[in-house]
Protein chains: 4
Amino acid sequence: MKDLKLAGLDSERSIIEVDGVSIGGKEIILMGGPCAVESSIQMQESAAVVKKAGGKILRGGVFKPRTSPYSFQGLGMEGVNYMVQAAKEYGLLCVTEVVDTRSLELVVDKVDLLQIGARNMQNFELLKLAGKTNKPIILKRGLSATIEEWLLAAEYILSAGNPRVILCERGIRTYEPSTRNTLDVSAVGVAKELSHLPVIIDPSHAAGRRDLISSLSKAAIAAGADGLLIEMHPNPDEAVSDGPQSLTPEQFINLAQELGMVAQSVQRFFDFGTDDSLEALRSKIDLVDRSIVEGLAERMQIVRKLSDQKRLDRVKDANREKEIIQRLMSLAEELDLPAELVKKIYPIIFEYGIQTQIKSKIEQDKRLDPSCYYFGSK
Amino acid sequence: MKDLKLAGLDSERSIIEVDGVSIGGKEIILMGGPCAVESSIQMQESAAVVKKAGGKILRGGVFKPRTSPYSFQGLGMEGVNYMVQAAKEYGLLCVTEVVDTRSLELVVDKVDLLQIGARNMQNFELLKLAGKTNKPIILKRGLSATIEEWLLAAEYILSAGNPRVILCERGIRTYEPSTRNTLDVSAVGVAKELSHLPVIIDPSHAAGRRDLISSLSKAAIAAGADGLLIEMHPNPDEAVSDGPQSLTPEQFINLAQELGMVAQSVQRFFDFGTDDSLEALRSKIDLVDRSIVEGLAERMQIVRKLSDQKRLDRVKDANREKEIIQRLMSLAEELDLPAELVKKIYPIIFEYGIQTQIKSKIEQDKRLDPSCYYFGSK
Amino acid sequence: MKDLKLAGLDSERSIIEVDGVSIGGKEIILMGGPCAVESSIQMQESAAVVKKAGGKILRGGVFKPRTSPYSFQGLGMEGVNYMVQAAKEYGLLCVTEVVDTRSLELVVDKVDLLQIGARNMQNFELLKLAGKTNKPIILKRGLSATIEEWLLAAEYILSAGNPRVILCERGIRTYEPSTRNTLDVSAVGVAKELSHLPVIIDPSHAAGRRDLISSLSKAAIAAGADGLLIEMHPNPDEAVSDGPQSLTPEQFINLAQELGMVAQSVQRFFDFGTDDSLEALRSKIDLVDRSIVEGLAERMQIVRKLSDQKRLDRVKDANREKEIIQRLMSLAEELDLPAELVKKIYPIIFEYGIQTQIKSKIEQDKRLDPSCYYFGSK
Amino acid sequence: MKDLKLAGLDSERSIIEVDGVSIGGKEIILMGGPCAVESSIQMQESAAVVKKAGGKILRGGVFKPRTSPYSFQGLGMEGVNYMVQAAKEYGLLCVTEVVDTRSLELVVDKVDLLQIGARNMQNFELLKLAGKTNKPIILKRGLSATIEEWLLAAEYILSAGNPRVILCERGIRTYEPSTRNTLDVSAVGVAKELSHLPVIIDPSHAAGRRDLISSLSKAAIAAGADGLLIEMHPNPDEAVSDGPQSLTPEQFINLAQELGMVAQSVQRFFDFGTDDSLEALRSKIDLVDRSIVEGLAERMQIVRKLSDQKRLDRVKDANREKEIIQRLMSLAEELDLPAELVKKIYPIIFEYGIQTQIKSKIEQDKRLDPSCYYFGSK
């Protein structure tokens, strides 16, 4: 696409830095909060939950583009103040949607990022204005925008002078009625092939129903997204808008707890819970212990298979064991783990491996020649 | 949906068993092969690759529903024989698409599963026929079928007497031109809420371009899919159909190698490489060892943070350590790992944890009151 | 499109002849009847209405492709007999949908045309079968088929040996919820540029609601469609399927009455009512008389405007009048109207024209120079 | 839809008056002009063509919302002046698109109507602004807006105080690639059932190709649209934007010439050519004469059929003839046609009718009993 002069992928991917938060790097960035800011206490509660979950950015709408003129249109500046205050208190950044010159001017010096919504993706005058601010812009894909149009909308912002654009896929309009929109998870890959800009996913507007948020969030990260923008409300049933697609605080935290594993599976990371309470850290340790033991169990299973493949040749194994320990000790040092620990526990692990192999071999022989076994057991 | 009498989710999810392969259980099932069967050697090579990657099912089309009457229509029975032969040789199951009574009758006793393609999803006569066979049916979602229509198509098969239906999402038709279709990854979650049937994903037809297959496959698994149906061709550039969306053998194997981690991150598993050679098993062990040591390192890091939160209260810890060991020993037994191993290595792990905490505490104190340290070190 | 070897537009458009009915010529062909054949009496009543409206073809489904296996699946052969009988009695042709080999074989010798439905548009085996019959095929566009795919589906039938294919646009699947499907009226023009085959429209399935049928039917004809396939039921409220989109007999007849004018406006014709009762013919004459008098009035208005443009130069007019009469007498002969009639009435028409001009001129002068008038009237 | 407080259809349809032009009444309003204003001469030529065709409103974009920031963005105020000047010279109204506060304020006092484009349909701030002007607003439907969303966007304008909104359907985004968008012709009927606002159609953006404009324009009128907004350029091949979908002046005029008939067929009218030159008026008279004679011929044909139905009972006919003349004389008076003319020519028409019937009767008898004829002719 020749017109992606600035948005096009030339050499390396952009990492967008915002006050210590890096979007587009190894870390998956979680953003959360209610659709609309409703009160100070609502934002305080939301911020607490986002923080607890390991989120970095608090969201909340104050100038709401609503389909009907008679729907709640947002609290305006009052709402911004609630959000900014809450974000500050919990050490979070914050983002809100702007819809025209006036709203942009009102909030640009108060919030950390600006959002341009799906309905304004081709509001070119607003894009140009956003391009003249010094705040990062989260640019949502239009309801039925092609990926090319979306990137060209980003180009409007970039070419007006603002290099910090974060693309946000939020579902496209299709015929399928069971979801509010259809999450176009392919858009992550396509946008990243065409552009160096980070891509995040808003599963809430895509699905329009909270029961799918967990599934879609994990899919997004596995597909390569750089972050998630998720609607969460202290009390979804009483939300003034988008209640049915908002997670409860508990669901939000549970989801966040599961994201780390998915991030890791695609060589990214997500730090659940900057919550460093004794309780939180202990439950993290429990999770890690569980995965260590699962690892040990998997190792043992493979070792068992090995006994089908080879004689139990101790000499050969001895060399390999030595080599393994050497390798793992180096790794331990890299990872800031005392290498001694590896040196102490791996021989024990090997020992149990051997026992397992022997046991497995005997059972196998029995299966192959049951008579032999019965004789032998006499 | 009242008409999902048999397909609806009542109590538990279905696990579909086909000759030792379970679809819908903990294991992610990988199916692969060329769009169209072209020759014996092509199928042999394909089967070898699928096997090597840990795939369980070989695919290949022999009765091809082609948009134009002048496109290659498939090898018919000759092709089936090539595929069946190759699958047998490599210990794989095989699946092919049927398009009418005749093709169904020709292949039903030869292949292990039957596929009904997107274009025939509402060919109700074919569905009824498929419902009278004793072979599992992979039912692709129609190009623009709603999820409800898809499940009702499954209901046709079920109500005709065949309980083994596997749903396959393969992308839906939207306005977006950068992909052949748009993968509806939400369909996994929606279908699983409505129905007990397993759901797999075909990322190849969804994307129509091979560069997105890896991203979409991982997204599918993270979203909860039970398997993947991926087009792979020994030589995609010379494929008679769907070359641009077919992976090369190398890409297929590389992808498979990465699936295990993603599966694990959502409490599923995928065994890369049923390749049980000494070499293969050893490199698996190396991977597992690496993750065990990474786990130990992560544990150590959290333990370090703990020292910021609490006094080093050994008594309290002793209780917790005991409890941890107890819990992990139970887990070990569940996982068929000698519980003794846990009992032996965890005290060592704890010991290094304590040392780490003490070291961390001292460093922290130095930071907080450097003078004290310098005094102390005198 | 290179693969449209037989369907492509080379030289002239196809007119498909079926027992005296020509589809694709000047005449707009109306087809109507219930979604599903339910009883003998229902088909008798339907046939009477279709005939009365000027329809040529009776439709009725007997093998119904239904989304749910538990919906009414059609009366089968019993239904065909009801329809064939009714069509015969009222001098109509009839058409029904076939869904597989069996249903095709059962009805091919009984009905005059076969229909292949939207869900089977890419059931290529059925297309090939249809291509081997000697009956014209109404080929509906698939729910989300591109026009190219639709024409290639027609090519399957043509290339199998059957040259008589009638394309039928019936709405495509989009995100818009207020209609069951979205009528793609552009498809008429596009298909006719690419192919020589006739194109008809099914507004009933497109709209899914009867209140839009009239609007869409007229749009279809104005856009260049060759015919209409409309669902009508003697008692829509009790229809076993598609009641809400079926016209009542009265609505069907009223619509038909209005189609002639629209057809004429695009140089086509539709003969409402083969009902040749004294009463019917007289009300037709009344309509024609009305339009003649409206024509005369319009003529008079233009003549009035002429008086603003030119002096009342009788000599010049005399030549023009002669020429006009000559021209219209030739036209009359072509149209099988006694030329003498024109010769007798046109001088009278001219005479009144002159009088009108004079009157108009005087009024105009008054307006331009009121004083002159008041003087003149003294 | 409860929120259509002002846009909803309560009692009667709105007719929007703009300086003598009524949109939403019996007359079909034609609007035309280039996509973008390029020069003074281009607008002069365009205005001349629109006028000649019977168009009432000149269009031209000066603030262009373009997908890429590097595409031509419009001439701004310079362009407005060219358009306003040209419109004035040819007695046309003019309309241009506004995209934000600034552009709206610049043009609101210069042009006669304002347009809000598809991309800004949900730019709610712009809608509110437009609602505070005193100019009629042409509100285009968004690329993938539902009809409900479109009407609610209109409600924003109405509720802000501006009652004059004209809805404009311009095609929606679907999967079909052969047209730029898919004209949703059903939207005319649906919008008119829900709302009292006039609905016009923009076939140019819908089709994206000029060869379909004629077909779609006629379809639009037949479907009930109140007007057409068509792109026309003096030299499409050199247009800076949308050349391929712009009609040439000749095509525009030819199309306009054909619209009257279609309008009439649905009880509307369109006055081709406010061109009141002698030549133009005479060719209009020729058209009318042609249709009068065609009417007479059709009358004669029906009369011939009548002779099959009844005895040539003069007495009965005499009464009917009297009654017909009475009725038509009343009609004539309504239509400002001298009733005397009807009184003079209808007896002649009747006379020829009788002769035709007699002739027809004789021929029929001959057919029924040829022998009788041969005797008779001896």
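Residues numbered from 1 in each chain as written. Chains lettered and ligands numbered in written order. Predicted model: local features only at pLDDT ≥ 70, side-chain atom pairs only at ≥ 80, totals over all residues. Heavy atoms only, no water.

Student: Residues and numbers for the interface of chain C and chain B, please.
Tutor: Taken together, the contacts link 29 residues of chain C with 29 residues of chain B. Across the chain C/chain B interface, buried area totals approximately 2,600 Å², and carbon plus sulfur atoms make up 49% of it. The three residues of chain C that bury the most area against chain B are Thr-67, Tyr-70 and Arg-173 of chain C, which together make up 22% of that side's buried surface. The interface formed by chain C and chain B contains 2 salt bridges. Among the salt bridges present, the one from Glu-149 of chain C reaches Arg-173 of chain B, with a minimum N-O distance of 2.5 Å. (Contact = heavy atoms within 4.5 Å. Buried area = accessible area lost by both parts, 1.4 Å probe. Salt bridge = Lys/Arg side-chain N within 4 Å of Asp/Glu carboxyl O.)

Student: Report on the sheet that holds strand β5 (residues 93-97) of chain C, specifying residues and quantitative values.
Tutor: All names here are of chain C. If you trace the 8 strands once around the closed barrel, you get β3-β4-β5-β6-β7-β8-β9-β10, paired in parallel fashion. On average, each strand axis in the sheet is inclined to that of its neighbour by 25°, with strand direction left out of account. Relative to β5, strand β4 (residues 57-59) is paired through 3 bridges, and the arrangement is parallel. Note on β5: the bridge partner recorded for Arg-59 is Val-95. The strands touched by helix α1 (residues 40-53) within the sheet are β3 (29-33) and β4, with β4 carrying the most contacts at an inclination of about 145°. (Pairing = 2+ DSSP bridges. Helix = DSSP H or I, 4+ residues; strand = E, 2+ residues; numbered from the N terminus. Axes fitted to C-alpha atoms, helices over the stretch in contact; angles between N-to-C directions.)

Student: With reference to specific residues and values, describe the pattern of salt bridges.
Tutor: Scanning the entire structure with this criterion turns up 80 salt bridges over all chains. Notably, a salt bridge pairs Arg-290 of chain D with Glu-294 of chain D, separated by 3.4 Å at the nearest N-O pair. Of this pair, Arg-290 of chain D and Glu-294 of chain D are both found in helix α10 (residues 278-309), 4 residues apart, which corresponds to roughly one turn of the helix. What makes Arg-290 of chain D partly exposed here is its relative accessible area of 42%. Glu-323 of chain D serves as the salt-bridge partner of Arg-327 of chain D, at 3.4 Å between the closest nitrogen and oxygen. Within this pair, Arg-327 of chain D and its partner Glu-323 of chain D are both found in helix α11 (residues 314-334), separated by 4 residues, close to a single helical turn. Within the structure, one salt-bridge network assembled from shared partners comprises Arg-141, Glu-169 and Asp-184 of chain A together with Glu-176 of chain B. (Buried < 20%, exposed > 50% of the residue type's maximum accessible area, 1.4 Å probe, protein only.)

Student: How would you explain the packing of helix α1 (residues 40-53) of chain D against helix α9 (residues 249-265) of chain D if you had to name every residue and give the values?
Tutor: All names here are of chain D. Relative orientation of the contacting elements α1 and α9 amounts to 20°, with a least axis distance of 9 Å. Relative to α9, the element α1 lies roughly parallel. Of the two elements, α1 crosses α9, and the hand of that crossing is right-handed. Residues Val-49, Val-50, Lys-52 and Ala-53 of α1 touch α9, and the partners they reach there are Pro-249, Phe-252, Ile-253 and Ala-256. In the contact of α1 with α9, the residues fall into 7 nonpolar, no polar and 1 charged. (Parallel < 35°, antiparallel > 145°, perpendicular 65-115°, else oblique. Left-handed = near helix turned anticlockwise from the far one by under 90°. Nonpolar A, V, L, I, M, F, W, Y, C, P; charged D, E, K, R; others polar.)

Student: If you had to explain the sheet that holds strand β8 (residues 165-169) of chain B to someone new, which residues and values would you point to?
Tutor: Residue and element names in this part refer to chain B. Strands sit in the order β3-β4-β5-β6-β7-β8-β9-β10 around a closed barrel of 8 strands; the barrel is parallel. On average, each strand axis in the sheet is tilted by 25° relative to the strand beside it, whichever way the strands run. Strands β9 (199-201) and β10 (227-231) of the sheet are contacted by helix α8 (residues 213-223), whose axis makes an angle of about 165° with β10.

Student: Give a description of the relation of the copies chain C and chain B that names residues and reports values.
Tutor: Laying chain C over chain B is done by rotating through 178° and shifting 0.2 Å along the axis; what remains is an RMSD of 0.8 Å. Put plainly, the chains are arranged around a two-fold axis. In terms of C-alpha distance to the rotation axis, chain C has Ser-144 of chain C as its closest residue, with the C-alpha 2.9 Å off the axis. Same-surface contact between copies: 100% of interface residues of chain C are shared with the interface of chain B. (Least-squares fit on C-alpha atoms with pLDDT ≥ 70 in both.)

Student: Before we move on, can you summarise the packing of aromatic side chains with the specific residues and values?
Tutor: In this structure the tally under the stated criterion is 8 aromatic pairs over all chains. The interplanar angle of 65° and the centroid separation of 5.8 Å between the aromatic rings of Tyr-346 of chain D and Phe-350 of chain D together place this pair among those described as edge-to-face. Linking Tyr-346 of chain D with Phe-350 of chain D, this pair stays in helix α12 (residues 339-368), spanning 4 residues, or about one helical turn. With respect to class, Tyr-346 of chain D is no different from Phe-350 of chain D; both count as buried. When the ring centre of Tyr-70 of chain D is taken as origin, the NZ or CZ atom of Lys-5 of chain A, which lies over that ring, is 4.0 Å away. (Phe/Tyr/Trp six-rings, centres within 6.5 Å; stacked < 30°, edge-to-face > 60°. Lys NZ or Arg CZ within 6 Å of the ring centre and 35° of its normal.)

Student: Can you tell me about the relation of the copies chain B and chain A, naming the residues and giving the values?
Tutor: Overlay of chain B on chain A (RMSD 1.3 Å): rotation 178°, translation along the axis 0.4 Å. Take the interface residues of chain B: 99% of them recur as interface residues in chain A, which is what a same-surface contact looks like.

Student: A description of the nonpolar core should follow, citing residues and the corresponding values.
Tutor: If you look at the biggest cluster of nonpolar residues, it comprises 160 residues, and the most contacted ones within it are Leu-58, Leu-139 and Leu-167 of chain C together with Leu-58 and Leu-139 of chain D. In this structure, Leu-114, Val-188 and Val-262 of chain A together with Leu-255 of chain B belong to the second largest nonpolar core, which totals 159 residues. (Core = buried A, V, L, I, M, F, W, Y, C linked by side-chain atoms within 4.5 Å.)

Student: Before we move on, could you go through the state of the cysteines and cite the residues and values that matter?
Tutor: In the structure shown here, the tally under the stated rule is 0 disulfides over all chains. With no disulfide of its own, Cys-94 of chain A has Cys-35 of chain A as its nearest cysteine by sulfur position, at a separation of 16 Å. (Disulfide = S-S within 2.5 Å.)

Student: So, the interface of chain B and chain A: which residues are in play, and what are the values?
Tutor: Facing the 86 residues of chain B at the interface are 85 residues of chain A. Of the roughly 7,900 Å² buried between chain B and chain A, counting both surfaces, carbon and sulfur atoms make up 66%. Looking only at chain B, the three residues that lose the most surface to chain A are Tyr-175, Arg-282 and Tyr-352 of chain B, adding up to 8% of its buried area. Summed over the shared surface of chain B and chain A, the number is 12 salt bridges. At the boundary of chain B with chain A, the tally comes to 24 residue pairs in polar contact (both at pLDDT 80 or more). Of all the elements in the fold, those that place two or more residues in the side of chain B that touches chain A are α6 (186-194), α8, α9 (249-265), α10 (278-309), α11 (314-334) and α12 (339-368) of chain B. Residue contributions to the side of chain B that touches chain A peak at 24 residues, all from α10 of chain B. (Polar contact = N/O pair within 3.5 Å; in protein donor to acceptor, adjacent residues only side chain to side chain.)

Student: Before we move on, can you summarise the packing of helix α5 (residues 147-159) of chain D against helix α6 (residues 186-194) of chain D with the specific residues and values?
Tutor: Residue and element names in this part refer to chain D. Contact geometry for α5 and α6: axes closest at 11 Å, N-to-C directions at 50°. Considering their axes alone, α5 and α6 lie oblique with respect to each other. Classified by chirality, the crossing of α6 by α5 is right-handed. Together, Ile-147, Trp-150 and Leu-151 of α5 and Ala-187, Val-190, Ala-191 and Leu-194 of α6 make up the contact between the two elements. For the contact of α5 with α6, the residue count by class is 7 nonpolar, no polar and no charged.

Student: Before we move on, can you summarise the environment of Glu-125 of chain A with the specific residues and values?
Tutor: The residue Glu-125 of chain A is located in helix α4 (residues 124-130) in this model. Between the C-alpha atoms of Glu-125 of chain A and Asp-100 of chain A, which are 25 residues apart in sequence, the distance is 8.5 Å. In this view, Glu-125 of chain A contacts Val-99 and Asp-100 of chain D; residues no more than four positions away in its chain are not counted.

Student: Summarise the confidence of the model for chain A; cite the residues concerned and give the values.
Tutor: Per-residue confidence for chain A averages 90 on the pLDDT scale, and 93% of its residues sit at or above 70. What the predictor reports for the complex is a pTM of 0.85 with an ipTM of 0.83. (pLDDT = per-residue confidence, 0-100.)

Student: Can you break down unusual backbone geometry residue by residue, with the values?
Tutor: The phi angle at Asp-19 of chain A is positive, at roughly 45°, despite the residue not being glycine. Mapped onto the fold, Asp-19 of chain A is located in the loop between β1 (16-18) and β2 (21-23). A relative accessible area of 62% places Asp-19 of chain A in the exposed class. Even without a glycine there, the phi angle at Gln-267 of chain D is positive, about 60°. Along the chain, Gln-267 of chain D falls in the loop between α9 and α10.

Student: Before we move on, could you go through the side chain of Asp-202 of chain B and cite the residues and values that matter?
Tutor: All names here are of chain B. The topology assignment puts Asp-202 in the loop between β9 and α7 (203-207). At a separation of 2.6 Å, a polar atom in the side chain of Asp-202 contacts the side chain of Lys-140. For Asp-202, the side chain forms a polar contact with the main-chain nitrogen of Ser-204, separated by 2.9 Å. In this view, Asp-202 contacts Lys-140, Cys-168, Glu-169, Arg-170 and Leu-229; residues no more than four positions away in its chain are not counted.

Student: I'd like a rundown of the domain arrangement of chain A, residues and numbers included.
Tutor: Assigned domains within chain A: domain 1 (16-275) and domain 2 (281-377). One C-alpha centre belongs to domain 1 of chain A, the other to domain 2 of chain A; they are set 46 Å apart. (Domains from an automatic or database assignment.)

Student: Please give an account of the pairing of β3 of chain C that cites residues and values.
Tutor: Residue and element names in this part refer to chain C. With 5 of its 5 residues buried, β3 lies for the most part within the structure. Sheet topology places β3 next to strand β10 (residues 227-231); 5 bridges connect them, and they run parallel. Among the inter-strand pairings, Gly-32 is bridged to a residue of β10, identified as Ile-230. Pairing geometry for β3 and β4, over 2 bridges, is parallel. Bridged to Met-31 within β4 is Ile-57. In terms of handedness, the path from β3 via α1 over to β4 forms a crossover that is right-handed. (Right-handed = clockwise from strand over helix to strand, strands pointing away.)

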